[in-house]
Amino acid sequence: MRPIQIFSTLVALLSVVSAQQPSVIPRKSPVYTEEFQHTLPIPPVKRPLTTYHNKKTGKVVDFYEIRIKSFKKNIFKGLGDANFVGYDGMVPGPTFRVPRGRETVIRFINEEQNAASIHLHGSYSRAVFDGWAEDMIPKDHYKDYYYPNAQNARTLWYHDHSNGKTAVNVNSGQAGFYIIEDAEVEQRLCLPQGKYDIPLMISARFWAANGDLPDISAPGPQYGDTYSVNGQISPYLDVESRKYRFRILNASVGRTSNFTIEDGKGRLLPFHVVGSDAGFMSKRVETKSLVVAPAERWEIIVDFGATDEKTLMLRTAQVFSDQRYEISGNIMQFRIAKSEAPSLAVIPLPNKLVDLDLPKVTNALVTKTFVFGRTGTLWTINGKTFHDPKNRLVENVPFGTTEKWILRGGAGWSHPVHIHLVDFQIIKRVALGPTGRDYLTEYERFAMKDIAAVGSEEEVHILAKYAPWDGLYMFHCHNLAHEDDNMMAAFNVTNIKTMGYKDSKFSDPMTAEFRAKPYKGTTDLVEVKSAVLERYSNMGAYEKNN
Ligand SMILES: [Cu+2]
């Protein structure tokens with residue numbers, strides 16, 4: 001290598017280091033003085049209020065009701081209470097655990113000033129039930145969301161998706177887990193169940209000096225400097241010396257994390273990644289670190305029987321070019337006690353897990369490129385914004401076809417890109433500059449996804465089949481500050497022959513029949529069962545014949 005080459009290589013290497021290690025910004029939030037003094041909260045499991053059995057189709061529909069309401073909670077000892085708005089007045093909201101194949105109707109009642117829209121992230125819901133940003137529930141109104149739950153077992157989450165206010169509403173607590181379970185598959189894989197299967201909603205937030213949530217409605221970066229897990233800052237969790245299944249969700253407004261599990265001497269405990277956004281992976285992947293971008297879900301198996309340590313720490317490191325604050329990298333402490341059931345810990349995980357439903361390219365492959373960039377003062381997709389109704393529909397996709405989409409980011413920012421309706425396969429990541437990665441992580445290679453982590457100076461290539469319904473859907477950056485300001489667009493899955501819809505009833509998200517209605521103050525469960533659930537379950541929304 002000639003001296004000039006060595007020099008330029010050195011410059012390139014240094015620029016990678018400096019780009020990945022932006023200067024440290026002082027903390028904005030108060031110091032948390034009760035680290036590892038509070039146990040990890042586990043959100044309660046939501047129970048249905050009534051159930052409808054459809055004699056004609058054999059389908060079962062469970063009915064639930066959730067109220068969006070404000071509540072106060074003290075977060076910082078010695079400071080004032082924080083004002084949250086959460087599902088059923090808690091953060092995270094209650095957890096849904098739904099057996100695969102049982103349909104649900106969930107009535108969301110909004111008691112608050114901010115209008116709400118609810119997206120069940122990870123579900124192929126019809127467009128009218130998908131949480132279209134303008135299909136909002138005003139104060140004292142309700143909307144019934146009808147979900148199919150026919151997809152393979154997976155960890156979904158429900159969260160606010162309202163127009164321009166998603167960051168504020170999610171940050172103030174509007175997020176919860178929704179799990180589709182498949183007992184047969186989970187037993188075959190010998191995965192930890194019951195109290196050994198724990199959802200972890202991890203959020204990085206800012207807090208105001210008075211202990212409240214700050215107003216984050218103004219445009220600008222919102223990376224947060226203080227982590228909470230299931231709503232608790234720096235919790236601890238008592239575990240037994242055996243295997244656990246953790247369903248990790250990054251519910252942060254903007255920050256990507258890189259998780260490790262460390263002992264007191266900085267040694268990393270290896271763990272297995274078994275599930276992703278779209279359920280189980282094709283094989284388990286052993287790793288010592290896990291990058292989780294906003295809205296991504298990764299399921300891991302941690303064997304606390306594989307260490308002699310009494311405590312371990314879930315830690316995070318800085319990733320991408322996210323603004324770097326003085327962050328305590330210590331997120332949660334595990335305190336390990338001898339197992340009550342040591343025999344379970346010795347059952348090995350199978351290497352092969354499930355067959356993925358990979359998109360097949362049967363048509364001449366259409367490739368489309370989307371640039372996630374900056375236009376003037378706005379975040380845009382190919383220069384377009386969601387707030388511009390005339391131009392926000394950027395693609396028509398013929399129903400049932402497979403397309404390759406190239407998601408291209410710029411320098412200095414990361415964009416976790418979410419495409420509604422579909423699961424996709426990430427086939428390639430290209431580095432566009434010195435800060436970009438040119439590889440897929442090992443766990444991305446064996447997973448189906450609904451979030452693609454596009455880092456600084458990266459291009460991510462994905463393959464998806466646009467099915468099983470037609471309709472108008474959103475795709476956007478899931479850094480919610482970018483999404484609100486205005487990095488979101490729409491695509492239209494259409495009938496091949498007419499480029500229109502076979503039936504627009506479920507395909508136009510603003511269809512009047514399904515919009516929010518005034519809430520009278522009580523719900524008549526007899527009427528719900530005899531009329532509402534019967535009507536939904538007979539309207540054919542989820543019959544795969546179009
Ligand atoms: Cu973004």
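Residues numbered from 1 in each chain as written. Predicted model: local features only at pLDDT ≥ 70, side-chain atom pairs only at ≥ 80, totals over all residues. Heavy atoms only, no water.

### A short note on the sheet that holds strand β28 (residues 451-454)
Part 1: Sheet architecture is open: five strands sit in the order β24-β31-β30-β26-β28, paired in mixed fashion. Of all the strands in the sheet, just β24 (393-398) and β28 have a single pairing partner and so form its edges. Each strand of the sheet is rotated relative to its neighbour by a mean of 20°, with strand direction disregarded.
Part 2: Here five bridges tie β24 to strand β31 (residues 488-494), and the two strands are oriented parallel to one another. Among the inter-strand pairings, N396 is bridged to a residue of β31, identified as N492. (Pairing = 2+ DSSP bridges. Helix = DSSP H or I, 4+ residues; strand = E, 2+ residues; numbered from the N terminus. Axes fitted to C-alpha atoms, helices over the stretch in contact; angles between N-to-C directions.)

### Points about the pairing of strand β19 (residues 297-303)
Part 1: The element β19 is largely enclosed, with a buried count of six among its seven residues.
Part 2: As paired elements, strand β14 (residues 243-250) and β19 share seven bridges and run antiparallel to each other. Bridge assignment links R245 to a residue of β19, and that residue is I301.
Part 3: Bridge analysis of strand β16 (residues 271-276) against β19 gives three bridges, and the strand direction is antiparallel. Its bridge partner being in β19, H272 is matched across the sheet by I301. (Buried < 20%, exposed > 50% of the residue type's maximum accessible area, 1.4 Å probe, protein only.)

### Things to note about unusual backbone geometry
Part 1: Cis geometry is found at the peptide bond from V91 to P92, where omega equals -5°.
Part 2: Assignment of secondary structure puts P92 in the loop between β3 (82-87) and β4 (96-99).
Part 3: For the bond running from A467 to P468, omega is 5°, close enough to zero to count as cis.
Part 4: Relative to the helices and strands, P468 is located in the loop between β29 (458-465) and β30 (471-477).
Part 5: At C190, a position not held by glycine, the phi torsion is positive, near 55°.
Part 6: For C190, the location among the structural elements is in the loop between α3 (183-188) and β10 (197-205).
Part 7: The phi angle at L421 is positive, at roughly 75°, despite the residue not being glycine.
Part 8: Relative to the assigned elements, L421 resides in the loop between β26 (415-419) and β27 (424-431).

### A look at the UniProt feature "domain: Plastocyanin-like" (unreviewed entry) in the protein
Part 1: According to UniProt, the "domain: Plastocyanin-like" (unreviewed entry) feature falls on residues 82-183, 236-311 and 374-495.
Part 2: Overall, residues 82-183 shows 7% helix and 42% strand. The separation of its end C-alpha atoms is 39 Å.
Part 3: In residues 236-311, the share of helix is 0% and the share of strand is 59%. The end C-alpha atoms are 10 Å apart. (UniProt positions renumbered as here; feature names shortened; annotations may be inferred.)

### A closer look at the nonpolar core
Part 1: With 67 residues, the main nonpolar core has F108, I118, Y178, W405 and F475 as its most contacted residues.
Part 2: Those residues within four positions of F108 in sequence are excluded, and the remaining contacts are I66, Y87, I118, I137, H141, Y142, K143, Y145, Y147 and Y158.
Part 3: A204, V302, M332 and Y443 belong to the second largest nonpolar core, which has 38 residues in total. (Core = buried A, V, L, I, M, F, W, Y, C linked by side-chain atoms within 4.5 Å. Contact = heavy atoms within 4.5 Å.)

### Regarding the environment of R335
Part 1: Within the element layout of this structure, R335 appears in strand β21 (residues 330-337).
Part 2: For R335, a relative accessible area of 28% gives the class partly exposed.
Part 3: If we ignore the near neighbours within four places in the chain, the residues touching R335 are F36, Y236, L237, D238, V239, K310 and T311.

### Quick look at the pairing of strand β2 (residues 60-73)
Part 1: Two strands pair when backbone bridges link them, and strand β1 (residues 50-53) and β2 are joined in this way by four bridges, in the antiparallel orientation. Residue pairing for β2: T51 is matched across the bridge by D62.
Part 2: Following β1, the chain reverses through six residues before pairing antiparallel with β2; G58 in that reversal takes a positive phi of roughly 80°.
Part 3: Strand direction decides the pairing type here: β2 and strand β5 (residues 103-110), joined by eight bridges, are parallel. Each bridged residue has a counterpart across the sheet, and for E65 the counterpart in β5 is R107.

### Remarks on the coordination of the copper ion
Part 1: Donor atoms from the polypeptide that bind the copper ion are H415 (ND1), C477 (SG) and H482 (ND1), placed at 2.0 Å.
Part 2: The sequence pattern describing where the donors of the copper ion fall on their chain is H-x61-C-x4-H. Per residue, the accessibility class of C477 equals that of H482, and both read buried. (Donors = N, O, S within 2.8 Å, 3.2 Å for Na, K, Ca; no water.)

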